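# Descriptive structure summary
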Amino acid sequence: MRRLAAFLQSSPEVPFRIFGTDTARDLDFLELLAGHPRIRIDLPLLTSLDGLRHLTPDMVELGIGSTKARVSLRI
């Protein structure tokens with residue numbers, strides 16, 4: 001993940017997308033991608049959006065797919 005984050009730092013036009021059914025249940029890994037302006041998340045088993053706190057406020061694109069668990073959108 002660190003190598004991918006380093007690559008994406010030099011390529012802000014390339015969106016980072018994570019998807020799958022057996023992958024992360026939280027977004028803590030976004031700390032490594034804090035400055036990236038384009039993120040797409042499709043993780044059906046996601047249980048928390050708390051990791052979004054790591055992202056930059058001037059993002060260009062943020063996509064979040066459906067989840068099986070109820071996830072709070074409170075800010």
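Residue indices follow the written sequence of each chain, beginning from 1 at its first position. Local features in this predicted model are restricted to residues of pLDDT 70 or higher, and side-chain atom pairs are both shown and tallied only at a pLDDT of 80 or more, whereas totals for entire chains, interfaces and linings draw on every residue. Excluding hydrogens and water, the side-chain figures rest on all heavy atoms present in the structure.

## Remarks on the overall build of the protein chain
Scanning the protein chain from N- to C-terminus turns up 1 helix and 3 strands. Helix and strand assignments follow DSSP, with helices taken as H or I runs no shorter than four residues and strands as E runs no shorter than two, numbered in order from the N terminus. The secondary structure elements of the protein chain, listed N-terminal to C-terminal, are α-β-β-β. For 75 residues, the compact-globule estimate of 2.2 N^0.38 gives 11 Å, and the protein chain sits close to it at 12 Å. Reported as C-alpha extents along the three principal axes, the dimensions of the protein chain are approximately 35 × 25 × 15 Å. Each residue is placed in one exposure class: buried if its accessible area under a 1.4 Å probe, protein chains only, is under 20% of its type's maximum, exposed if it is over 50%, and partly exposed if it falls in between. Burial analysis of the protein chain (75 residues in total) assigns 28% to the buried set. We compute the radius of gyration over the C-alpha atoms and compare it with the globule rule, which gives 2.2 Å times the number of residues raised to the power 0.38.

## Comments concerning the pattern of salt bridges
We count a salt bridge whenever a side-chain nitrogen from Lys or Arg sits within 4 Å of a carboxyl oxygen from Asp or Glu. Inspection of the entire model under this criterion finds 3 salt bridges. In this structure, aspartate 42 and arginine 17 form a salt bridge, with 3.1 Å as the shortest nitrogen-oxygen distance. Taken together, the residues span a long stretch of sequence, with aspartate 42 in strand S2 (residues 38-42) and arginine 17 in strand S1 (residues 16-19) at a distance of 25 residues. Residue glutamate 61 is joined to arginine 40 by a salt bridge in which the shortest nitrogen-to-oxygen separation is 2.3 Å. Linking glutamate 61 in strand S3 (residues 61-64) with arginine 40 in strand S2, this pair joins segments that are 21 residues apart in sequence. On the basis of relative accessible area, glutamate 61 is assigned to the partly exposed category, the value being 25%. Arginine 40 sits in the partly exposed class, given a relative accessible area of 33%. Counted as one network, the salt bridges with shared partners bring together Arg38, Arg40 and Glu61.

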